[in-house]
Every structure is written in C-alpha cells, then in structure tokens.
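Each chain, letter by letter, is given below.
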Amino acid sequence: MVTIKELFVRMIGRSPDKRDLEMIDKMAITIPDELKNDIGMKAELVLRAAHIRQLETVMNDAANEVRRKVEIDGEKWAMDAANRVWRHVEAQLPPSASTKVFWTLVMIVIVCALSFVFGWIMSAERYETASESLRALNETEFAFCVNDAAQHASQIRSGKVPGDAAQALREWTQSCAAEYDQRRAAL
C-alpha cells in the first residue's frame with residue numbers, strides 16, 4: 001500500500017511540507033471511506049494539493065508585484081489622473097485669465113492633497129517595519145548590556161578587578177534597565 005507522502009514524492013518530485021499535508025487532510029475528510037485507500041483517489045488528492053500550492057504561490061507573487069508596482073508608479077498615476085481631470089475641467093471653463101488662475105490653484109491643492117494621502121498610505125507599512133526593527137534593536141542592546149554586566153561581575157569574582165561582585169552586578173543591571181527604559185520611551 002502506497003502512502004500519501006510516498007505518492008507525493010513520486011508524482012511531484014519533492015516531499016510534502018506541513019501545508020501540503022494539511023490541504024490533503026482537509027480534502028480527504030469529504031471522501032467516502034471506501035475510496036480513501038484507492039490509489040487513484042490518493043493521486044487526485046496529491047495533484048490537487050500541488051495545484052493549490054502552485055496557485056497560492058502565483059497569487060502571492062502577483063500580489064507582491066502589484067504592491068511593488070503601486071509603490072513605484074503611484075505618484076505618476078496620481079499626477080496623470082490630476083492632469084486628466086484638469087484638462088477635462090479646463091475644456092469646460094470660459095477662457096478668462098482669473099478663472100484659469102483660480103482653477104489652477106484648485107488643481108494644485110487637489111494634487112498636493114492626493115499626493116499626501118497616497119504617500120501617507122504607502123509609508124504606513126515602512127514606518128511599522130522600522131518601529132519593529134527599533135524595538136528589536138532595543139531588546140538586543142539591553143541583552144548585550146546585561147551580558148556585559150555579568151562578565152564584569154565574573155571578573156570581580158575571579159579577582160581580576162577589585163570590588164564587590166554582587167554590588168557591581170546590581171549597579172550595572174540598574175544602569176542597563178535605565179538605558180532600556182529611556183530607549184523604550186523614545187520609541
């Protein structure tokens with residue numbers, strides 16, 4: 001009797017990962033009991049799971065490409081849209097100079113507002129990632145500081161540096177905690 005994993009390796013050419021096995025199990029729930037050990041049904045499940053994985057990969061790649069394209073072409077698109085609107089409005093206006101100046105100023109304000117809103121939306125993800133990086137850096141610096149305090153205390157205990165090891169360790173860790181709090185408050 002061939003198992004699903006062996007069949008997956010034979011048919012797809014790689015061993016199934018956790019996601020593949022979850023999909024196969026999810027699809028196998030609805031199969032009648034008399035067909036669960038059928039090699040053709042197992043092959044169908046393997047092919048469907050591999051196909052779904054390929055579709056997920058394609059969808060993720062497409063979403064990443066669209067996200068990148070929007071970041072690059074977003075401002076150009078906003079300016080082109082504003083120019084199209086401006087040309088449409090300008091074609092319907094009377095040709096007086098004061099009216100043209102007024103509508104020019106209105107369109108500049110609209111373009112600036114659209115650019116600001118679009119930039120705000122696109123930069124939110126970058127700022128969130130930067131904030132997470134700063135938090136991780138803060139935690140790492142705290143760990144290094146505590147490690148340095150422990151090394152200094154061990155040097156005092158070994159007699160390389162004179163002083164009270166317990167007191168030095170307390171003072172260093174309190175200093176580390178104060179620096180940690182200051183960095184967290186700055187975030």
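Since the structure is predicted, the reported quantities are computational estimates derived from the model, not experimental observations.

Draft legend 1. Examining the state of the cysteines more closely. According to the stated counting rule, one finds one disulfide in the structure shown. Note on cysteine connectivity: Cys 145 is disulfide-linked to Cys 176, with sulfurs 1.8 Å apart. Handedness here is read from the sign of the S-S torsion; for Cys 145 and Cys 176, about -85°, the answer is left-handed. Here Cys 176 lies in helix α5 (residues 165–186) and Cys 145 lies in helix α4 (residues 97–158), a separation of 31 residues in the sequence. The buried category is assigned to Cys 145, whose relative accessible area is 15%.

Draft legend 2. Seen up close, the nonpolar core. Formed by 13 residues in total, the largest nonpolar core has its most connected members in Leu 7, Ile 24, Leu 45, Val 46 and Ala 49. At the level of elements, α1 (4–12), α2 (18–28) and α3 (39–92) are the ones that each hand at least two residues to this core. For Leu 7, the contacting residues outside a window of four places in its chain are Val 2, Ile 39, Lys 42, Ala 43 and Val 46.

Draft legend 3. Highlighting α3. Along α3, the helix axis deviates most sharply at Asp 73, where the bend reaches about 55°. When α3 is considered as a whole, its buried residues turn out to be Lys 42, Ala 43, Leu 45, Val 46, Ala 49, Ala 50, Gly 74, Ala 78, Ala 81, Ala 82 and Trp 86.

Draft legend 4. Up close: the environment of Leu 169. By the element assignment, Leu 169 lies in helix α5. With 15 residues separating them in the primary sequence, Leu 169 and Ser 154 have C-alpha atoms 9.1 Å apart. Leave out the neighbours within four places in its chain, and Leu 169 touches Ala 149, Ala 150, Ala 153 and Arg 157.

Draft legend 5. Inspection of the packing of aromatic side chains at higher detail. Per the counting criterion, the structure on display carries one aromatic pair. Between Phe 142 and Tyr 180, the ring centres sit 4.7 Å apart and the planes meet at 45°, which makes this aromatic pair tilted. You can see Phe 142 sitting in helix α4 and its partner Tyr 180 sitting in helix α5, a full 38 residues away along the chain. What makes Tyr 180 buried here is its relative accessible area of 13%.

Draft legend 6. Broad picture of a nonpolar patch on the surface. On the surface, Phe 116, Val 117, Trp 120 and Ile 121 cluster together into a nonpolar patch covering about 490 Å² of accessible area. With respect to the secondary-structure elements, Trp 120 resides in helix α4. Since its relative accessible area comes to 59%, Trp 120 is described here as exposed.

Calculation notes
Once a new chain begins, its residue numbering starts again from 1 and follows that chain's sequence as written. With the structure being a predicted model, the display of local features is reserved for residues of pLDDT at least 70 and the display and counting of side-chain atom pairs for 80 or more, all residues being used for whole-chain, interface and lining totals. Just so you know, side-chain values use all the structure's heavy atoms and leave hydrogens and water out. When the sulfur atoms of two cysteines come within 2.5 Å, that pair is taken as a disulfide. Under the scheme used here, helices are H or I runs from DSSP no shorter than 4 residues and strands are E runs no shorter than 2 residues, and both carry numbers assigned from the N terminus. Partly exposed describes any residue whose relative accessible area lies between the buried limit of under 20% and the exposed limit of over 50%, with all areas from a 1.4 Å probe on protein chains only and scaled to the type maximum. We call a set of buried residues a nonpolar core when its members are Ala, Val, Leu, Ile, Met, Phe, Trp, Tyr or Cys and they connect through side-chain atoms within 4.5 Å of each other. We call two residues contacting when some pair of their heavy atoms lies within 4.5 Å. Fitting axes to the seven residues that end at a residue and to the seven that start at it, the angle between those axes gives the bend at that residue. Any pair of Phe, Tyr and Trp rings, taking the six-membered ring for Trp, is counted once the centres come within 6.5 Å. Such a pair is stacked with planes under 30 degrees apart, edge-to-face with planes over 60 apart, and tilted for the rest. Patch definition: residues with relative accessible area over 30% and no salt bridge; like charges joined within 9 Å; nonpolar side chains (Val, Leu, Ile, Met, Phe, Trp, Tyr) joined within 5 Å. All accessibility values rest on the Shrake-Rupley procedure with a 1.4 Å probe; residue burial counts only the protein chains present in the view. Just to be clear on terms, a salt bridge is a Lys or Arg side-chain nitrogen sitting within 4 Å of an Asp or Glu carboxyl oxygen.

Purely spatial values, then, with no claim about function.
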